[in-house]
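# Chain and residue survey
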Amino acid sequence: ILLSALHIYEMNAKERPLPDLICIITGKGEQKQFYLNKIQNMNFQHVKFLTPWLTAEDYPLVLASADLGVSLHTSSSGLDLPMKVVDMFGCGLPVAAISFPAIGELVKDGENGEIFSNSDELSEIIQDWFHNFPSDTNPKHQRYRSELESFRNSDWTQNWNAKALPVFKKLKGIPSGGEFPVFLFFLALLCVFAAYLPTCA
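Okay, so let's go over this structure. Because the structure is predicted, anything quoted here is derived from the model rather than measured.

The subject of this paragraph is the overall build of the chain. When helices and strands are tallied, the chain shows eight helices and five strands. Listing each helix as α and each strand as β along the chain from the N terminus yields α-β-α-β-α-β-α-β-β-α-α-α-α. Evaluated residue by residue, the chain yields a buried proportion of 31% over its 201 residues. The long-range fraction of contacts in the chain, counting pairs at least 24 apart against all pairs at least 6 apart in sequence, stands at 65%. Counting only carbon and sulfur atoms, one obtains 57% of the accessible surface of the chain, whose full area is about 12,900 Å².

Now the structure itself:
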């Protein structure tokens, strides 16, 4: 999806006021070499690719220096959220994220980022984001970053009390006191671990 979107960007950059891009793709998955070969064969002129393996210290620095993040994470269950987006938000980086059922809990389309379903939509987001960049700054840039500042100022306890605790309070037999019981914490922890357990084909 990303390469197809950037190919469309490449074609339009010849006729529209779009800057050359540097696209940083992190990770070292099994298909890394396959995609490196594909990138080379596509012969991009207006998009340069970097594929580093970043240390824990360098990772947030790279995110904070970027202009737009892209998340291609989809969930087989439709319930788990991409931690990469949390990393990006934590560095104040707006995100374009692929659509799946739970993503709206994290990426608010048109508020702190944008959601796409295919390569055409992603390409439109990228072209709109970088149109006349950097001489003309899209008003969305600052608006999204302001929203992310609020996200960064909200800690775990605030989010628990605002989002999760009301749900648990509606369950029968759950106390409605101010502090949530310890067993709820372990229940939530179990749910997180369960999301990573392998499933049968």
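Here the narrative resumes.
A word on helix H6 (residues 139-152). Over its 14 residues, H6 extends 21 Å from the first C-alpha to the last, a length consistent with the 20 Å expected when each residue adds 1.5 Å. Within H6, burial applies to Lys 140, His 141, Tyr 144 and Leu 148. The arc that holds the buried residues of H6, viewed along the axis, is 100°, so those residues lie on one side. Of the exposed residues in H6, the ones pointing more than 90 degrees away from its buried face are Pro 139 and Gln 142. Where H6 is buried, its residues contact helix H4 (83-90), strand E5 (113-116) and helix H5 (119-130).

A few words on unusual backbone geometry. Here the amide bond leading from Phe 133 into Pro 134 is cis, since omega sits at 5°, within 30 degrees of zero. Take Pro 134: it is sitting in the loop between H5 and H6. At Asn 43, a position not held by glycine, the phi torsion is positive, near 55°. In this fold, Asn 43 is placed in the loop between helix H2 (32-42) and strand E2 (47-50). Positive phi outside glycine occurs at Asn 132, with the angle close to 60°. Tracing the backbone shows Asn 132 in the loop between H5 and H6.

What follows covers the pairing of strand E4 (residues 95-98). Residues Val 95 and Ala 97 of E4 are buried on one face, and the alternating residues Ala 96 and Ile 98, pointing to the opposite face, are buried as well. Taken together, the three bridges between strand E3 (residues 69-71) and E4 define a ladder with parallel strand orientation. Bridge pairing in E4 places Ser 71 opposite Ala 97. Considered for its hand, the β-α-β crossover made up of E3, H4 and E4 is right-handed. By the bridge criterion, four bridges tie E4 to E5 in an arrangement that is parallel.

Moving on to the environment of Ile 103. Tracing the sequence through the fold places Ile 103 in the loop between E4 and E5. The exposure class of Ile 103 is buried, given its relative accessible area of 2%. Between the alpha carbons of Ile 103 and Gly 78 there is a distance of 8.5 Å; along the sequence they are 25 residues apart.

With that out of the way, let us pick up the packing of helix H1 (residues 2-13) against H5. With their axes 8 Å apart at the nearest point, H1 and H5 run at an angle of 50° to one another. Here H5 runs oblique to H1, going by the angle between their axes. H5 is crossed by H1, and the crossing has right-handed handedness. Contact residues: H1 offers Leu 2, Ser 4, Ala 5, Leu 6, Ile 8, Tyr 9 and Asn 12, while H5 offers Ser 119, Asp 120, Leu 122, Ser 123, Ile 126, Gln 127 and Phe 130. By residue class, the composition of the contact of H1 with H5 is eight nonpolar, five polar and one charged.

This brings us to the packing of aromatic side chains. In the structure shown here, the tally under the stated rule is four aromatic pairs. Seen in terms of ring centroids, Phe 34 and Tyr 35 are 5.0 Å apart; in terms of plane orientation they differ by 80°. Their pairing is edge-to-face. For Tyr 35, a relative accessible area of 37% gives the class partly exposed.

Calculation criteria
- Residues numbered from 1 in each chain as written.
- Predicted model: local features only at pLDDT ≥ 70, side-chain atom pairs only at ≥ 80, totals over all residues.
- Heavy atoms only, no water.
- Helix = DSSP H or I, 4+ residues; strand = E, 2+ residues; numbered from the N terminus.
- Buried < 20%, exposed > 50% of the residue type's maximum accessible area, 1.4 Å probe, protein only.
- Contact = heavy atoms within 4.5 Å.
- Areas by Shrake-Rupley, 256 points an atom, 1.4 Å probe, with all protein chains shown as cover.
- Expected span 1.5 Å × (residues − 1).
- Arc of directions from axis to C-beta.
- Pairing = 2+ DSSP bridges.
- Right-handed = clockwise from strand over helix to strand, strands pointing away.
- Axes fitted to C-alpha atoms, helices over the stretch in contact; angles between N-to-C directions.
- Parallel < 35°, antiparallel > 145°, perpendicular 65-115°, else oblique.
- Left-handed = near helix turned anticlockwise from the far one by under 90°.
- Nonpolar A, V, L, I, M, F, W, Y, C, P; charged D, E, K, R; others polar.
- Phe/Tyr/Trp six-rings, centres within 6.5 Å; stacked < 30°, edge-to-face > 60°.

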